[in-house]
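So the chains spell out like this:
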Amino acid sequence: MNDRIESIRHPDGVVELQLSRADKMNALDPAMFDALIDAGEQLCRDERVRAVVIAGRGKAFCAGLDMQSFERMQQGPGSGLLGQHAATDLVERTHGISNAAQRVATVWREVPVPVIAALHGVAFGGGLQVALGADIRLVAPDTRLSVMEIKWGLVPDMGGMVLMRELARADVVRELCFTGRIFSGEEAVALGFATRVSADPLADALAMAHEIAQKSPDAIRAGKRLLNAAMAHSAAELLLAESVEQKALIGSANQTEAVRANLERRPPRFAGWAQLSET
């Protein structure tokens, strides 16, 4: 990670990531690409994390690719658009099934706990695709969003095609990709691109994250695995995956504690969390 992102760790395991290039509306430059990938991959390995919130400092969540990167495009492929994680050829798979640009948005699905994006100002192009990689999106009503790549003669290429298909009807996705029109936070909810409107997305996202942090970490992680599998697996595969996850949970220490805490009307004390939060 670098100075493009500030990571704030809360005592209950909530991690708040603030995009910190406010003077450029948090636009994506090579350093921001690196910071997002590094932050996501660190969280993938962090057993202490319980929920993640992604937000942007200043006037916007993220304005998309910065103007200097567009200028470099005139030099053709391999012109340093991305950071240290990038390969010369976009077709090369450098991060599993993805390239570096796609990893910036799709890594949040691999973080094993819920990721909540808090959107305000603008979420354009690549910035919108980063938000789409989150599990949940809270959006201010006057936020402006756009699948803006067509404006620059491009297509969404940061995982947007995979992420959009599970959120909105095919004709809606096509209209937004073909026109690049700007739509509001309220319309984003109606179209399926945002979860709900919020007068204060960051405050509400943090409140939701803290609520999630009070739930059994085993069940939360199992739930995310199943939800990720839902799009890729057949009904038979998903039904079996449900059974496998549930069998592992039933009677486990944290599942038993969840039941006991509810019956005794007290906050749960989940195994493993107290010592992890101290390290």
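This structure is a prediction, so every number in the text was calculated from the model and none was measured.

**Comments concerning helix α1 (residues 30-44)**
Here is step 1: Over its 15 residues, α1 runs 21 Å from end to end, which matches the ideal 21 Å to within 8%, given 1.5 Å per residue.
Here is step 2: The buried count for α1 comes to 11 of 15 residues, which makes it a mostly enclosed element.
Here is step 3: Its buried side turned inward, α1 meets β1 (5-9), β2 (14-19), β3 (51-56), α3 (100-110) and α4 (126-132).

**Considering the confidence of the model for the protein chain**
Note: predicted coordinates in regions of low pLDDT should not be interpreted at a detailed level.
Here is step 1: The share of residues in the protein chain with pLDDT of 70 or more is 90%, and the mean pLDDT across the chain is 89.
Here is step 2: Scored below 50 in pLDDT, residues 274-279 shows 4 contacts in the model against residues more than four places distant or in partner chains.

**Quick word on unusual backbone geometry**
Here is step 1: Non-glycine residue Asn-26 carries a positive phi angle of around 60°.
Here is step 2: Within the fold, Asn-26 resides in the loop between β2 and α1.
Here is step 3: Look at Arg-265: it is not a glycine, yet its phi comes out positive at around 55°.
Here is step 4: Structurally, Arg-265 is set in the loop between α11 (253-263) and α12 (273-277).
Here is step 5: A relative accessible area of 78% means that Arg-265 is categorised as exposed.

**Quick look at the pattern of salt bridges**
Here is step 1: In this structure the tally under the stated criterion is 19 salt bridges.
Here is step 2: One salt bridge connects Glu-41 with Arg-103, and the closest N-O pair in it is separated by 3.1 Å. Placement of Glu-41 in helix α1 and of Arg-103 in helix α3 is noted, with a sequence separation of 62 residues between them.
Here is step 3: Taking the relative accessible area as the measure of exposure, Glu-41 reaches 19% and is therefore buried.
Here is step 4: Connected through shared salt-bridge partners, Asp-3, Arg-4, Arg-21, Asp-29 and Asp-66 make up one network.

**Topic: the pairing of strand β6 (residues 136-139)**
Here is step 1: What you see with β6 is no split at all: Ile-136 and Leu-138 on one side and Arg-137 and Val-139 on the other are buried throughout.
Here is step 2: As paired strands, strand β4 (residues 115-119) and β6 are joined by 4 bridges and run parallel to one another. Opposite Leu-119, over in β6, you have Val-139 as the bridge partner.

**Considering empty space enclosed by the protein**
Here is step 1: Tallying each qualifying case throughout the model produces 2 cavities of 30 Å³ or more.
Here is step 2: Roughly 40 Å³ of volume is contained in the largest cavity.
Here is step 3: With 3 residues, the top contributor of residues to the lining of the largest cavity is helix α9 (residues 217-230).
Here is step 4: When its residues are assigned to classes, the lining of the largest cavity shows 5 nonpolar, no polar and 3 charged.

**A few points about the side chain of Ser-146**
Here is step 1: Assignment of secondary structure puts Ser-146 in strand β7 (residues 144-146).
Here is step 2: A relative accessible area of 0% places Ser-146 in the buried class.
Here is step 3: At 2.7 Å, the side chain of Ser-146 forms a polar contact with the backbone oxygen of Gly-180.
Here is step 4: Separated by 3.5 Å, the side chain of Ser-146 and the backbone oxygen of Arg-181 make a polar contact.
Here is step 5: Residues within four places of Ser-146 in sequence aside, it is in contact with Ala-123, Phe-124, Gly-125, Leu-128, Gly-180, Arg-181, Ile-182 and Phe-183.

**Side note on the nonpolar core**
Here is step 1: Counting 51 residues, the largest nonpolar core has Leu-17, Leu-36, Val-52, Trp-108 and Phe-193 as the members making the most contacts within it.
Here is step 2: Looking at this core element by element, the count peaks at 7 residues for α1.
Here is step 3: Sequence-distant contacts of Leu-17, defined by excluding residues within four places in its chain, comprise Ile-5, Glu-6, Ser-7, Ala-39, Leu-43, Val-52, Val-53, Ile-54, Ala-55 and Trp-108.
Here is step 4: Counting 14 residues, the second largest nonpolar core, distinct from the first, contains Val-14, Leu-138, Leu-206 and Ile-212.

**Thoughts on the sheet that holds strand β8 (residues 183-184)**
Here is step 1: Spatial ordering of the open sheet is given by β5-β7-β8, a layout of 3 strands whose pairing is mixed. The open sheet has two edge strands, β5 (122-124) and β8, and neither has a second partner.

Criteria and cut-off values
Residues numbered from 1 in each chain as written. Predicted model: local features only at pLDDT ≥ 70, side-chain atom pairs only at ≥ 80, totals over all residues. Heavy atoms only, no water. Helix = DSSP H or I, 4+ residues; strand = E, 2+ residues; numbered from the N terminus. Expected span 1.5 Å × (residues − 1). Buried < 20%, exposed > 50% of the residue type's maximum accessible area, 1.4 Å probe, protein only. Contact = heavy atoms within 4.5 Å. pLDDT = per-residue confidence, 0-100. Salt bridge = Lys/Arg side-chain N within 4 Å of Asp/Glu carboxyl O. Pairing = 2+ DSSP bridges. 1 Å grid on protein atoms, 1.4 Å probe; cavity = no way out; pocket = protein on both sides within 12 Å on 5 of 7 lines; lining within 4 Å. Points joined across faces, edges and corners; volume = space filled by probe spheres on them. Nonpolar A, V, L, I, M, F, W, Y, C, P; charged D, E, K, R; others polar. Polar contact = N/O pair within 3.5 Å; in protein donor to acceptor, adjacent residues only side chain to side chain. Core = buried A, V, L, I, M, F, W, Y, C linked by side-chain atoms within 4.5 Å.

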